[in-house]
Amino acid sequence: MTGWVSFDAGSTLGWMGSQGGTIARDEDFAGQLRLTYEVDESRSFHAVSCSVTGWLLHHRFFDQAEQALAAFEAMKPALEELRAQLREGGPTSAEEARRGGPLLAAFLARFS
């Protein structure tokens with residue numbers, strides 16, 4: 001599999017997301033990365049959630065759709081780069097987790 005594709009063939013679109021909004025975009029990369037955009041216009045709520053399987057789950061919140069969607073796109077290449085530096089599926093030892101810590105921290109500092 002190459003590139004970002006609709007998560008679960010788009011079956012999650014329209015459902016309530018983990019942050020309480022309606023899922024408007026939900027994409028997957030190689031079964032290891034996921035980006036989800038949730039919206040609730042009634043409360044000016046826009047959330048972008050990302051995950052790296054076994055390593056990271058991170059949520060960001062925005063007041064405007066334009067900001068959230070720009071962040072959604074900006075996070076894609078950064079997540080791909082992060083994934084390339086981490087063991088697929090998560091760490092297998094405490095030492096491996098410690099080595100991944102600075103990489104995860106740099107990503108979070110950039111996208112918080």
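The structure presented is a predicted model; accordingly, all values stated were derived computationally and were not measured.

1. Quick notes on helix α2 (residues 94–110)
Stage number 1. The first and last C-alpha atoms of α2 sit 25 Å apart over 17 residues, in line with the 24 Å expected at 1.5 Å per residue.
Stage number 2. Every buried residue belonging to α2 is among Glu96, Gly100, Leu104 and Phe107, and all of these are buried.
Stage number 3. Contacts made by the buried residues of α2 are with β4 (45–52), β5 (56–62) and α1 (65–85).

2. Here's the deal with the packing of α1 against α2
Two quantities define a packed helix pair, namely the angle between the helix axes and the distance between the axes.
Stage number 1. The N-to-C vectors of α1 and α2 enclose an angle of 170°; their axes lie 10 Å apart at closest approach. With respect to α2, the axis of α1 lies roughly antiparallel. When α1 is examined against α2, the residues Met75, Ala78, Leu79, Leu82 and Gln85 are found in contact with a partner set consisting of Leu103, Leu104, Phe107 and Arg110.
Stage number 2. When its residues are assigned to classes, the contact of α1 with α2 shows seven nonpolar, one polar and one charged.

3. Structural notes on unusual backbone geometry
Stage number 1. Despite not being glycine, alanine 9 shows a phi value in the positive range, around 55°.
Stage number 2. Take alanine 9: it is sitting in the loop between β1 (4–6) and β2 (22–29).

4. Description of the sheet that holds β4
Note: strands within a sheet are paired through backbone hydrogen bonds, in either parallel or antiparallel orientation.
Stage number 1. Ordered in space as β1-β2-β3-β4-β5, the five strands form an open sheet in which the pairing is antiparallel. What marks the edges here is a single partner per strand, and that holds for β1 and β5. Across the sheet, the mean angle separating the axes of adjacent strands is 20° when strand polarity is ignored.
Stage number 2. As paired strands, β4 and β5 are joined by seven bridges and run antiparallel to one another. In the sheet register, cysteine 50 faces β5, and the bridge partner there is histidine 58.
Stage number 3. Lying over the sheet, α1 contacts β1, β2, β3 (33–40), β4 and β5, oriented at roughly 170° with respect to β3.
Stage number 4. Against the sheet, α2 touches β4 and β5, its axis set at about 10° to β5.

5. Some remarks on the environment of glutamate 96
Stage number 1. On the secondary structure map, glutamate 96 appears in helix α2.
Stage number 2. A residue is classified by how much of its surface remains accessible, and glutamate 96, at 14% relative accessible area, is buried.
Stage number 3. If we ignore the near neighbours within four places in the chain, the residues touching glutamate 96 are Trp55, Arg87, Gly90 and Pro91.

6. A closer look at the packing of aromatic side chains
Stage number 1. With the rule as written, the count across this model stands at three aromatic pairs.
Stage number 2. Between the aromatic rings of tryptophan 4 and phenylalanine 29, the centroid separation amounts to 5.5 Å while the plane-to-plane angle is 50°, which identifies the pairing as tilted. With tryptophan 4 in strand β1 and phenylalanine 29 in strand β2, this pair connects stretches of sequence that are 25 residues apart. Here tryptophan 4 and phenylalanine 29 have matching classes, each one buried.
Stage number 3. Their ring planes at 45° and their centres at 6.0 Å tell us that phenylalanine 45 and phenylalanine 61 sit as a pair that is tilted. Of this pair, phenylalanine 45 sits in strand β4 while phenylalanine 61 sits in strand β5, and the two are 16 residues apart along the sequence.
Stage number 4. Here phenylalanine 61 falls in the partly exposed class, since its relative accessible area comes to 48%.
Stage number 5. For the cation-ring pair, arginine 34 lies above phenylalanine 7, with the distance from its terminal atom to the ring centre recorded as 3.6 Å.
Stage number 6. Taking NZ or CZ as reference, arginine 43 lies 4.1 Å from the ring centre of phenylalanine 45, over its face.

Parameters and conventions
Residues numbered from 1 in each chain as written. Predicted model: local features only at pLDDT ≥ 70, side-chain atom pairs only at ≥ 80, totals over all residues. Heavy atoms only, no water. Helix = DSSP H or I, 4+ residues; strand = E, 2+ residues; numbered from the N terminus. Expected span 1.5 Å × (residues − 1). Buried < 20%, exposed > 50% of the residue type's maximum accessible area, 1.4 Å probe, protein only. Contact = heavy atoms within 4.5 Å. Axes fitted to C-alpha atoms, helices over the stretch in contact; angles between N-to-C directions. Parallel < 35°, antiparallel > 145°, perpendicular 65-115°, else oblique. Nonpolar A, V, L, I, M, F, W, Y, C, P; charged D, E, K, R; others polar. Pairing = 2+ DSSP bridges. Phe/Tyr/Trp six-rings, centres within 6.5 Å; stacked < 30°, edge-to-face > 60°. Lys NZ or Arg CZ within 6 Å of the ring centre and 35° of its normal.

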